[in-house]
Amino acid sequence: MQNFELARLFYEMATLLEVRNESVFRVRAYQRAAQMLESLTEDIAAVAARGGLQKLPGIGKDLAIRVEEFLHTGRIDQLEAMRRDVPPRFLTLEELCGTKEILNVAGIREKTCENILKGIAIWRAGRTRTLLPAARAVAEQVASALRAHGGVERLEVAGSLRRMRETVKDVDILVTSTEPARVIETLTSLPSVTEVIARGDTKVSVRHQDGLQVDLRVVEPSAFGAALQYFTGSKDHNVRVRELAKRRGLTISEYGVFEEKSGTRVAGETEDEVYAAVGLPWIPPELRENTGEIDAARSGGLPELITADRIRGDLHAHTDWSDGHITLEKLVTAAEDRGYEYIAVSDHSRSDTIAGGLSIDELRAQIQQIRQLQASHRIRILAASECAILADGTMDFPDEVLDELDVVLAAVHSRFKQTREEMTTRIVRALGHPKVHILAHPTGRRLGSRDPYDVDMEAVFAAARQHGKALEINASPERLDLADVHARRAAELGIPIAINTDTHYLNNFDNLALGVAVARRAWIGPSQVLNARPLAELVGWTQRARSA
């Protein structure tokens, strides 16, 4: 089959388009097409012969033309042209960026150079950690390809990715197979794999083109649960589990649980029996950080954790009235199609000019449109605003305007460098405002690009608790704000948590899983999540919050 060869060319096209600062949508289109080809079990030539190219996921008219061109000529003219536009020493990018020689290439700017050097540093060293969404995408892509090409009986992702940490060092994949050589060969042959770091009969480590190391282990079915437990738990969690095993005269490893004296294996096939062997119930992966879960498990005190299917609505979503890329009608329809009971339309306020913030007249016009739209929809459409907290802690809209809204989210969108005292006073004052319901993305961080602002979170928690406000876990991949540690503290204090997607594009709704993961790592259950409440209960809470 020519699938892998074509996938490599599409990956190269995506890379060259990215280097040339082309549209991110074009870059992603080629990446998605390449990923699809890696998992396609039918020869792409056979698909083309029966006229089925555009029925493949991610293959539209333009990409179908590229596929046909490759199948007929063995090349892609656009790729050849892009190759001619870059220096012949393209693979020595670090040197070219260092000498600034690459700036002679059309479309390459100083910022591009900086991004290339940053990417090379990540690629070479593998020392930095990858953000959770990117790591999940790599894991899902690799897992899909492995399953598609056969030999895999069972596959699970382990490690910090299974614990849903916000950053991931590498991807651990465990499989059972009667054909380990076949599975390993599939992984090492993938077009997205750029380097085979180490290879054995039952395990292999490779470097993915996104810079992540992927470690694959083929294990026996009788030891799969032990391996999954071992490679999922944090180091400290596993130490505690081994201590419990030792007290019972047992040893525990990735190969199973054994009687110390006789060497007889007593558990290992499932995680449940591994934990049961040391006197514990099964512990959810997100909790395996040695932050109290062992003691809670021993005493029967593990919490019921929130799940995505318990979320009844989203209280933070944007439309093309401000900086969203969705019409109001499409946003509401998409939320309704997901089975939500309610959706809050929360565009930016007037001072957020860079985000197309709404004026008072525009907000009132939007509210009117929402009320009119309600008649044709089952889902409850809540008129809301992501209202900026001004530098002195006052709100961007006057009280009489906020009074017209069903939900008010308060958010810091400016003056991030205020002193700790100034920022704390600012946010606490906003939380004391009688019209405010939720503090959105409370620390303002953007993972990998902007640190949280300097604020006394204990004072923020105290104000939210005093005034009956909720705090947000913003599920946007670059935010995940609140972080799990802060979310756990807030929930312990009885502060309601809203898990919102901050949707700007329709597919952003899918980021809910990231927000739920943060909440689960924070030991948060359904009763603590504001938007896990039925509509009537939510509305009652918003009214009480305004009178607090």
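Below is a summary of the structure that appears in this document. (Residues numbered from 1 in each chain as written. Predicted model: local features only at pLDDT ≥ 70, side-chain atom pairs only at ≥ 80, totals over all residues. Heavy atoms only, no water.)

### As for the sheet that holds strand β7 (residues 213–218)
Logical step 1: What the five strands build is an open sheet, ordered β2-β4-β7-β6-β5; its pairing is mixed. Both edges of this open sheet fall to β2 (154–158) and β5 (193–199), since each of them pairs with a single strand only. Neighbour-to-neighbour, the strand axes of the sheet open up by a mean angle of 20 degrees, direction not taken into account. (Pairing = 2+ DSSP bridges. Helix = DSSP H or I, 4+ residues; strand = E, 2+ residues; numbered from the N terminus. Axes fitted to C-alpha atoms, helices over the stretch in contact; angles between N-to-C directions.)

### A few points about the nonpolar core
Logical step 1: Counting residues in hydrophobic clusters, the biggest one holds 94 residues, and the most contacted among them are I173, L187, L216, I427, L471 and I524.
Logical step 2: It is helix α8 (residues 132–148) that provides the largest number of residues to this core, a total of eight residues.
Logical step 3: For I427, the contacting residues outside a window of four places in its chain are V412, L439, P442, Y453, V455 and V460.
Logical step 4: Membership of the second largest hydrophobic core comes to 29 residues, among which are V27, M36, I44 and M82. (Core = buried A, V, L, I, M, F, W, Y, C linked by side-chain atoms within 4.5 Å. Buried < 20%, exposed > 50% of the residue type's maximum accessible area, 1.4 Å probe, protein only. Contact = heavy atoms within 4.5 Å.)

### Brief notes about the side chain of T443
Logical step 1: Mapped onto the fold, T443 is located in the loop between β15 (438–439) and α19 (457–467).
Logical step 2: For T443, a relative accessible area of 4% puts it in the buried group.
Logical step 3: A distance of 2.9 Å separates a polar atom in the side chain of T443 from a polar atom in the side chain of D481.
Logical step 4: Contacts of T443, omitting those with residues within four sequence positions, involve P452, Y453, M457, D481, L482 and H486. (Polar contact = N/O pair within 3.5 Å; in protein donor to acceptor, adjacent residues only side chain to side chain.)

### Considering the pattern of salt bridges
Logical step 1: Counted by the stated rule, this structure contains 33 salt bridges.
Logical step 2: As a salt-bridge pair, R163 and E289 come within 2.8 Å of each other at their nearest N and O atoms. With a gap of 126 residues between them, R163 in the loop between α9 (159–162) and β3 (167–168) and E289 in the loop between α13 (271–277) and α14 (293–298) connect regions that are remote in the sequence.
Logical step 3: Since its relative accessible area comes to 6%, R163 is described here as buried. (Salt bridge = Lys/Arg side-chain N within 4 Å of Asp/Glu carboxyl O.)

### Things to note about the environment of E341
Logical step 1: In this structure, E341 sits in the loop between α15 (328–337) and β12 (342–348).
Logical step 2: Residue contacts for E341: discarding those within four places in its chain leaves R312, R378, I379, R380, P534 and L535.
Logical step 3: Of note is the side chain of E341, whose polar atom sits 2.3 Å from the side chain of R312.

### Examining helix α20 (residues 484–492)
Logical step 1: Of all the positions in α20, only D484, A487, A490 and A491 are classed as buried. Projected down its long axis, α20 carries its buried residues within an arc of 125 degrees, all on one side. Summarising the geometry of α20, the exposed residues directed more than 90 degrees from the buried face are V485 and E492.
Logical step 2: Elements in contact with the buried residues of α20: α19, β16 (470–474), β17 (497–500) and α21 (512–521).
Logical step 3: Of the residues one or two after α20, G494 is the one with positive phi, at around 85 degrees. (Arc of directions from axis to C-beta.)

### Some thoughts on the layout of surface pockets
Logical step 1: Taken as a whole, the second largest pocket spans an internal volume of roughly 350 Å³.
Logical step 2: What lines the second largest pocket is a set of 19 residues, among which T202, V218, V219, E220 and Y255 lie closest to the centre.
Logical step 3: Broken down by secondary-structure element, the contributors of at least two residues to the lining of the second largest pocket are β7 and α11 (224–232).
Logical step 4: Residue composition of the lining of the second largest pocket, grouped by class: eight nonpolar, five polar and six charged. (1 Å grid on protein atoms, 1.4 Å probe; cavity = no way out; pocket = protein on both sides within 12 Å on 5 of 7 lines; lining within 4 Å. Points joined across faces, edges and corners; volume = space filled by probe spheres on them. Nonpolar A, V, L, I, M, F, W, Y, C, P; charged D, E, K, R; others polar.)

### Details of the packing of α15 against helix α16 (residues 360–374)
Logical step 1: The interhelical angle for the contact between α15 and α16, taken along N-to-C directions, is 45 degrees, at an axis separation of 11 Å. Judged by the angle between their axes, α15 and α16 are oblique. For the crossing formed where α15 meets α16, the hand is right-handed. Along the contact surface, α15 presents L328, E329 and V332, while α16 presents Q369, I370 and L373.
Logical step 2: For the contact of α15 with α16, the residue count by class is four nonpolar, one polar and one charged. (Parallel < 35°, antiparallel > 145°, perpendicular 65-115°, else oblique. Left-handed = near helix turned anticlockwise from the far one by under 90°.)

### Overview of the packing of aromatic side chains
Logical step 1: Enumeration according to the criterion identifies five aromatic pairs in this entry.
Logical step 2: Centre to centre, the rings of Y230 and F231 are 5.0 Å apart; their planes meet at 85 degrees, and the pair counts as edge-to-face.
Logical step 3: On the accessibility criterion, Y230 (30% relative accessible area) is partly exposed.
Logical step 4: By relative accessible area, F231 is classed as buried at 17%.
Logical step 5: One residue, R450, lies across the ring of F416, its end atom 4.1 Å from the ring centre.
Logical step 6: Positioned over the ring face of W523 is R488, at 4.1 Å from the centre of the ring. (Phe/Tyr/Trp six-rings, centres within 6.5 Å; stacked < 30°, edge-to-face > 60°. Lys NZ or Arg CZ within 6 Å of the ring centre and 35° of its normal.)

### What about helix α1 (residues 3–19)?
Logical step 1: Relative to the 24 Å expected for 17 residues at 1.5 Å per residue, α1 spans 24 Å between its end C-alpha atoms, a close match to the ideal helical length.
Logical step 2: Of all 17 residues that make up α1, 12 are buried, and the element is covered over most of its length.
Logical step 3: All of the buried residues along α1 are N3, F4, L6, A7, L9, F10, Y11, M13, A14, L16, L17 and V19.
Logical step 4: Just past α1, the residue N21 takes up positive phi, approximately 60 degrees. (Expected span 1.5 Å × (residues − 1).)

### Observations concerning unusual backbone geometry
Logical step 1: Each neighbour pair has its own omega, and for D481 with L482 the value is 15 degrees, a cis peptide bond.
Logical step 2: Inspection of the secondary structure puts L482 in the loop between β16 and α20.
Logical step 3: In this structure, M164 takes a positive phi of about 60 degrees despite not being glycine.
Logical step 4: As for its placement among the helices and strands, M164 is situated in the loop between α9 and β3.
Logical step 5: The exposure class assigned to M164 is buried, which follows from its relative accessible area of 14%.
Logical step 6: Although it is not a glycine, N290 sits at a positive phi angle of roughly 60 degrees.
Logical step 7: Counting through the fold element by element, N290 comes out in the loop between α13 and α14.

Functional significance is not addressed by these values, which are geometric in nature.
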